[in-house]
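# Breakdown of the fold
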Amino acid sequence: MYCKKECIAMLLAGGQGSRLYDLTRQIAKPAVSFGGKYKIIDFPLSNCINSGIDTVGVLTQYQPFALNEYVSNGQAWDLDRMRGGIYVLPPYQGNKHSDWYKGTANAIYQNINFIKKYDPEYVLILSGDHIYRMDYKKMLDQHKATGAACTVATITVPMEEASRFGICNTNPDGSIYEFEEKPKAPKNNQASMGIYIFTTKTLIEYLENDEEDENSSNDFGKNIIPNLLGNGEKLYSYRFEGYWKDVGTISSLWEANMDLIGDDPILSLADQDFRIYSKNTARSPQYIGNSAVVDNSLISEGCRIYGTVINSVISGGVVVEKGAIVKDSVVMEDVVVKKDARVYTAIVDSDTVVESGATVGKENAGKADIALIASGSVISKA
Amino acid sequence: MAKSAAGIIFSSLNNNTLSRLTSDRTVAAIPFACRYRLIDFALSNMVNANISNIYIVANYKYRSLLEHLGSGKDWDLARREGGITFISPFQTAHLSDNKMFSTHMEALKSMKEYIDEIRDEFVVLMDSDTALTIDVSDVIRSHESTGADVTIVTSQVADGYSAKTPRLMISSVAGKVTQLAMSATYDERHPELALGIYVMRTAYLRSLIDEAEAYNLNSFTMFLLKNCKSSSYMTYKYTGFAASVSSFLDYYKYSMELVKNESARESLLWKKEAPIFTRVHNSAPTKHSSSAKVENSLIADECVIEGTVINSVIFRDVTIEKGAVVKDCVLFHGTHVCKNAKLNCIVADKDVVVSAGVTLSGNENMPFYIQKGRKI
């Protein structure tokens, strides 16, 4: 069937996210819950559909089951399409090579046939690690206007943190003359967001060359981008302004959740103009009991709150019994906090039971000392 | 496993007596219990009993019902075979055949060609004016084991019960129906209220329609009354929470009972093995701000609560601004209560705006209704 697209997205969702420890023991990082009703992958997927991109390949590798189940036919993001739509692309056995995805570039290389099927002019490369709203169309418009081979989205980061990122050194017109991966002495603070738009022809050419290079680690930041620059291809940076957060660590994941609350939150999920979509379920409405106190918190459907919830983000189906206190915490699906239990400054993963009178975390501990409770735990009174 | 059954849901009983709530929608589409519509209970009861071939009969303003149902996918009823079949009156070349489905029997007669095609052994008839969560497969098992012609689900009512219009009331001995009557009030001679759920063999339904045609019977209840003595009708007693909504006041009282009574919530909404399915929207979690005070209330998603909410049912996407107090209210989807407004015993239909500082009060026996889209 004829199904040519102008631009398709390839979403790298195979990462383990090892710095999220127990949260990613059973699931890939993009499948980690966020903001009560969402998963990290909802953000790039919603961005795609809000930017008019209706064909997305999701490259999975590490613990893909939860992600596959969640993405399913893409209906939640309106990506169940007759032409295009969403496709989960795991590593596969071929008649010549059978390989795990060796690096980000190799993952795309192994799916060149998927790209070719849609014959796009441009390919958008995304990762499933960040919380942000972005109109990729604006970036694509710039890519077309400059005639670049590749456009790299960048964001201003604090200078003292710049050495943790890939830094783009640019000319006044935005063209990139140098790309430094985690430089010791960064020359500026324009960090790559790991979002690239390639002109398809160039992308395929460089992926094929990269594959033949045995010394390559098959990575966009380490190999493909430097090779493009080395060969004098036109690269531009696209400066993104807005909320963007790498939620690769427990403290940053906790912080990003806290950014959702407050009277004027830094990140609002209720924004009608640029919605973040997620898979919704038909849980019962939330019930807030007689003696409950709910203060500055997000509460999802299916919750039953009889105790106290302060400055917290509560996912669906959570029960907080009488006398219990949940404060400064992120509580994921179907957790039960029993009578008089305490949950302070914590991320409590799904299906955990905090037994009556038990305590998790320390009050007012702050982001450096987040208590992390693995999914399905039972926390008893000490 | 119970043998297979088909379902028929009647969507528009009591349109007249629920006048305000049904001025824009049929009974089945009335929002109830914070995030549902009445038909969700009938549909979910059937789906939870593995009934996936469901006919929905509609004749009255069914636009919002159709919109709610969509393809049926949210109830897992978007099926290659079966799923939802929507049946509404249509014109034919013979004008005299043009029936408007004004009674159950008229609808059943008109859908005879569908009923002839049903291959399931049993058929479950349900009205959508009653919200309850019932194990229908158990009703079918009971029907099969007693070998009754019709099994009628009933609930014992107490002295003092009254409905706005006469309803089918029953007396039974050891489950066998001994007397049927139409009554709007409690009567010790027939103290069981029929909850609008009937199980019978498909073959019996066909013979019932044939008989109704032969004798020109136009009422399903009349058929039951007429044949009570000669047939074997059994009751299945249901003891949980059942909201039989026959009037606006009923609607309000059952809504308040859900808020005030934990066992009502457990019976209707919180049965693990019997989830209630409904149309799902993409919505954000509800935000309780630091000035919010919420007590004893059911709240759907996508709400912003900055004021005080007590003993209320708050549907999706409702905003309650700072200083506003909402007590004993039912606020439908999209209601916006501005600063310092005070609402007491109010049922606000969709998209109502209550301006800053406004005070409105009904009382528990006469709640005040604000119609859809009004700005106060």
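Residues numbered from 1 in each chain as written. Chains lettered and ligands numbered in written order. Predicted model: local features only at pLDDT ≥ 70, side-chain atom pairs only at ≥ 80, totals over all residues. Heavy atoms only, no water.

Bringing the overall build of chain A into the picture now. Along its length, chain A carries 8 helices and 29 strands. With respect to the three principal axes, the spread of C-alpha positions in chain A is 65 × 50 × 40 Å. Within chain A, the fraction of its 382 residues that count as buried is 58%. Excluding contacts between residues fewer than 6 apart, the proportion of contacts in chain A whose partners are at least 24 apart in sequence is 59%. Looking at chain A as shown, the accessible area adds up to about 15800 Å², and 46% of this sits on carbon and sulfur atoms. The distance from the centre of the 38 positive side-chain charges to the centre of the 48 negative ones in chain A is 3 Å. (Helix = DSSP H or I, 4+ residues; strand = E, 2+ residues; numbered from the N terminus. Buried < 20%, exposed > 50% of the residue type's maximum accessible area, 1.4 Å probe, protein only. Contact = heavy atoms within 4.5 Å. Areas by Shrake-Rupley, 256 points an atom, 1.4 Å probe, with all protein chains shown as cover. Lys, Arg positive; Asp, Glu negative; His and termini not counted. Charge placed at Lys NZ, Arg CZ, Asp CG, Glu CD.)

The next subject is the overall build of chain B. Of regular secondary structure, chain B possesses 9 helices and 28 strands. The C-alpha atoms of chain B give 21 Å as radius of gyration, which agrees with the globular expectation for 376 residues (21 Å, within 12%). Counting only residues that meet the buried cut, chain B has 59% of its 376 residues in that class. Accessible area for chain B stands at about 14900 Å²; split by element, carbon and sulfur atoms hold 48% of it. Across chain B, 41 positive and 41 negative side-chain charges occur, with their mean positions spaced 5 Å apart. (Rg over C-alpha atoms; globule rule 2.2 N^0.38 Å.)

As a further point, take the interface of chain B and chain A. With 35 residues of chain B in contact, the opposing surface of chain A contributes 37 residues. Where chain B packs against chain A, one counts 3 salt bridges. Where chain B packs against chain A, one counts 27 residue pairs in polar contact (both at pLDDT 80 or more). Counting only elements with at least two residues in the side of chain B that touches chain A, the list comes to helix 9 (262-268), strand 14 (286-288), strand 15 (293-295) and strand 16 (297-299) of chain B. (Salt bridge = Lys/Arg side-chain N within 4 Å of Asp/Glu carboxyl O. Polar contact = N/O pair within 3.5 Å; in protein donor to acceptor, adjacent residues only side chain to side chain.)

A few words on the sheet that holds strand 18 (residues 308-310) of chain A. All names here are of chain A. Pairing in this open sheet of 5 strands is parallel, and the strands run 15-18-21-24-27 from one edge to the other. In this open sheet, the two edge strands, each paired with only one partner strand, are strand 15 (293-295) and strand 27 (359-360). As paired elements, strand 21 (residues 325-327) and strand 24 (residues 342-344) share 3 bridges and run parallel to each other. Paired with Val-326 across the bridge in strand 24 is Val-343. (Pairing = 2+ DSSP bridges.)

Residue and element names in this part refer to chain B. Its domain assignment divides chain B into domain 1 (5-269) and domain 2 (287-370). Centre-to-centre, using C-alpha coordinates, domain 1 lies 32 Å away from domain 2. Contacts between domain 1 and domain 2 engage 21 residues on the former and 23 residues on the latter. At the boundary of domain 1 with domain 2, total buried surface from both sides reaches about 1700 Å², with 71% on carbon and sulfur atoms. When residues of domain 1 are sorted by the area they lose upon contact with domain 2, Cys-34, Tyr-252 and Val-259 head the list and together hold 38% of the total. Connecting domain 1 to domain 2 are 2 salt bridges. (Domains from an automatic or database assignment. Buried area = accessible area lost by both parts, 1.4 Å probe.)

To continue, consider the environment of Ser-33 of chain A. All names here are of chain A. If you trace the backbone, Ser-33 turns up in strand 2 (residues 33-34). By relative accessible area, Ser-33 is classed as buried at 16%. Those residues in contact with Ser-33 that sit more than four places away from it in its chain are Tyr-38, Lys-39, Leu-253 and Met-332.

For the rest of this paragraph, the subject is the pattern of salt bridges. Here the structure, examined in full by the defined rule, presents 44 salt bridges over all chains. Across the pair Glu-302 of chain B and Arg-275 of chain A runs a salt bridge, and its minimum N-O distance is 3.0 Å. Here Arg-275 of chain A lies in the loop between helix 8 (250-258) and strand 14 (286-288) and Glu-302 of chain B lies in the loop between strand 16 and strand 17 (304-305), a pairing that spans two chains. Residue Glu-302 of chain B is classed as buried on the basis of its relative accessible area, which comes to 9%. Accessibility expressed as a relative area gives 9% for Arg-275 of chain A, which makes it buried. For the salt bridge of Glu-121 of chain B with Arg-201 of chain B, the shortest nitrogen-to-oxygen distance reads 2.5 Å. A residue pair is termed long-range when its members are at least 10 positions apart, and Glu-121 of chain B in the loop between helix 4 (112-117) and strand 6 (122-127) and Arg-201 of chain B in strand 11 (residues 192-201) qualify at 80 residues. Note on Glu-121 of chain B: relative accessible area 30%, which makes it partly exposed. Using a relative accessible area of 34% as the deciding quantity, one classes Arg-201 of chain B as partly exposed. Among the charged side chains, a network of salt bridges with common partners joins Lys-5, Asp-54, Asp-78 and Arg-81 of chain A.

The next point concerns helix 6 (residues 202-214) of chain B. The end-to-end C-alpha distance of helix 6 of chain B is 19 Å, a good match for the 18 Å that 13 residues give at a rise of 1.5 Å each. Of the residues flanking the end of helix 6 of chain B, it is Asn-216 of chain B, one or two places downstream, whose phi is positive at about 55°. (Expected span 1.5 Å × (residues − 1).)

Turning next to the sheet that holds strand 15 of chain B. All names here are of chain B. The strand order 15-18-21-24-27 describes an open sheet built from 5 strands, whose pairing is parallel. Edge positions in the sheet fall to strand 15 and strand 27 (359-361), since each has one partner strand and no second. Along the sheet, successive strands turn relative to each other by an average axial angle of 5°, direction set aside. Across 3 bridges, the pairing between strand 24 (residues 342-344) and strand 27 is parallel. Residue pairing in the sheet places Leu-343 in a bridge with Leu-360 of strand 27. (Axes fitted to C-alpha atoms, helices over the stretch in contact; angles between N-to-C directions.)

It is worth spelling out the packing of aromatic side chains at this point. Working definition: an aromatic ring pair is given by the centre-to-centre distance plus the angle between the planes. Scanning the entire structure with this criterion turns up 24 aromatic pairs over all chains. Aromatic pair Tyr-38 of chain A and Phe-43 of chain A: ring centres 6.2 Å apart, planes at 55°, arrangement tilted. Comparing Tyr-38 of chain A with Phe-43 of chain A, the two get one shared label, buried. Here the aromatic rings of Tyr-87 of chain A and Phe-114 of chain A are separated by 5.7 Å at their centres, their planes lie at 65°, and the arrangement is edge-to-face. Of this pair, Tyr-87 of chain A sits in strand 5 (residues 85-89) while Phe-114 of chain A sits in helix 4 (residues 112-118); the two residues are 27 residues apart in sequence, bridging distant segments of the chain. A connected cluster of aromatic rings, assembled from ring pairs, spans Phe-32, Tyr-36, Phe-41, Tyr-251, Phe-315 and Phe-332 of chain B. The aromatic ring of Tyr-70 of chain A is capped on one face by Lys-39 of chain A, whose charged end is 5.4 Å from the ring centroid. Positioned above the aromatic ring of Trp-270 of chain B is the side chain of Arg-304 of chain A, whose terminal nitrogen or guanidinium carbon lies 3.9 Å from the ring centre. (Phe/Tyr/Trp six-rings, centres within 6.5 Å; stacked < 30°, edge-to-face > 60°. Lys NZ or Arg CZ within 6 Å of the ring centre and 35° of its normal.)

All names here are of chain B. Interhelical geometry of helix 6 versus helix 7 (residues 220-227) gives an angle of 95° and a closest axis separation of 11 Å. Of the possible angle classes, the one that applies to helix 6 and helix 7 is roughly perpendicular. Counted together, Tyr-204, Leu-208 and Glu-211 of helix 6 and Phe-220, Phe-223, Lys-226 and Asn-227 of helix 7 form the full contact between these two elements. Among the residues making up the contact of helix 6 with helix 7, the classes are represented as 4 nonpolar, 1 polar and 2 charged. (Parallel < 35°, antiparallel > 145°, perpendicular 65-115°, else oblique. Nonpolar A, V, L, I, M, F, W, Y, C, P; charged D, E, K, R; others polar.)

Tracing the backbone through its elements, the reader meets Asn-106 of chain A in helix 3 (residues 104-109). When residues no more than four places from it in sequence are discounted, the contact partners of Asn-106 of chain A are Trp-100, Tyr-101, Glu-211 and Asn-218 of chain A.

With 69 residues, the main nonpolar core has Met-134 and Ile-195 of chain A as its most contacted residues. The element that contributes the greatest number of residues to this core is helix 8 of chain A, accounting for 5 residues. Setting aside anything within four residues of it in sequence, one finds Ile-195 of chain A in contact with Leu-124, Ile-125, Leu-126, Tyr-132, Met-134, Tyr-136, Met-139, Thr-151, Val-152 and Ala-153 of chain A. Within the second largest apolar cluster, 48 residues are counted, among which are Val-335 and Val-343 of chain A together with Cys-303 and Leu-360 of chain B. (Core = buried A, V, L, I, M, F, W, Y, C linked by side-chain atoms within 4.5 Å.)

Attention shifts here to the packing of helix 6 (residues 200-212) of chain A against helix 7 (residues 220-230) of chain A. Residue and element names in this part refer to chain A. Between helix 6 and helix 7, the least distance of the axes is 10 Å, while the angle of their chain directions is 115°. The element helix 6 and its partner helix 7 pack so that their crossing is right-handed. In this structure, helix 6 uses Thr-202, Leu-203, Tyr-206, Leu-207 and Asp-210 to contact helix 7, whose residues at the interface are Phe-220, Asn-223, Ile-224, Asn-227 and Leu-228. When the residues that make up the contact of helix 6 with helix 7 are grouped by side-chain class, the tally is 6 nonpolar, 3 polar and 1 charged. (Left-handed = near helix turned anticlockwise from the far one by under 90°.)

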